[in-house]
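Structural features, examined
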Amino acid sequence: MSDKKKTSAITDAEWEIMRVVWTKEETTSKEVTEVLNEKTEWKSTTVKTLLSRLVEKEMLGTKRNGNKFTYFPLVEERRSIEVLSEDLLRKICSKKVGKVLESIIDNSTLSFSDIDQLESLLQEKRKTAVEVVPCNCIPGQCQCHHVH
């Protein structure tokens, strides 16, 4: 299964687990439960079930350490975030991507460094910008094909 299929197939709860595993790089179900205890009311059985699903989905690897299992990521966090954003943008009219990015930036807390990187990226993107972004929808999926 490709990284793209793996990442788009995980649930919000599984994302919570992955964020802990990416941070720890190698962890146990007990550690994941302790970390998420701040945010969720999940019992250890719930965490173990989610970890098992992520192993089945090939997002996590596991190895036995005595009577415990240790979990580690099989996919990179950065690549998973890229796939998630690609998946989001694929679901909307390509003419609306700019507005979605604007909304994400507007609703995000950014550091000066983040803003510098975005400004630099936008200057690069300007070199390949187009006058009008073509619609990628079929008639009936968006307003672009709507005749007034």
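Quantities reported herein were computed from a predicted structural model and do not represent experimental measurements.

Thresholds, definitions, all that
Residues numbered from 1 in each chain as written. Predicted model: local features only at pLDDT ≥ 70, side-chain atom pairs only at ≥ 80, totals over all residues. Heavy atoms only, no water. 1 Å grid on protein atoms, 1.4 Å probe; cavity = no way out; pocket = protein on both sides within 12 Å on 5 of 7 lines; lining within 4 Å. Points joined across faces, edges and corners; volume = space filled by probe spheres on them. Helix = DSSP H or I, 4+ residues; strand = E, 2+ residues; numbered from the N terminus. Phe/Tyr/Trp six-rings, centres within 6.5 Å; stacked < 30°, edge-to-face > 60°. Buried < 20%, exposed > 50% of the residue type's maximum accessible area, 1.4 Å probe, protein only.

1. Some points on the layout of surface pockets
Size it by volume and the largest pocket reaches roughly 1500 Å³. Taken together, 31 residues line the largest pocket, and the ones lying closest to its centre are L101, L118, L121, L122 and K125. When contributions to the lining of the largest pocket are tallied by element, the ones reaching two or more residues are helix 5 (77–90), helix 6 (97–106) and helix 7 (112–126). Sort the elements by how many residues they give to the lining of the largest pocket and helix 7 lands first, with eight residues.

2. Things to note about the packing of aromatic side chains
Summed over all chains, the structure comprises one aromatic pair. On the numbers, 5.4 Å between centres and 55° between planes, the contact of W15 with W22 is tilted. W15 gets classed as buried once you look at its relative accessible area, which sits at 12%.

The analysis is restricted to geometry; functional conclusions fall outside its scope.
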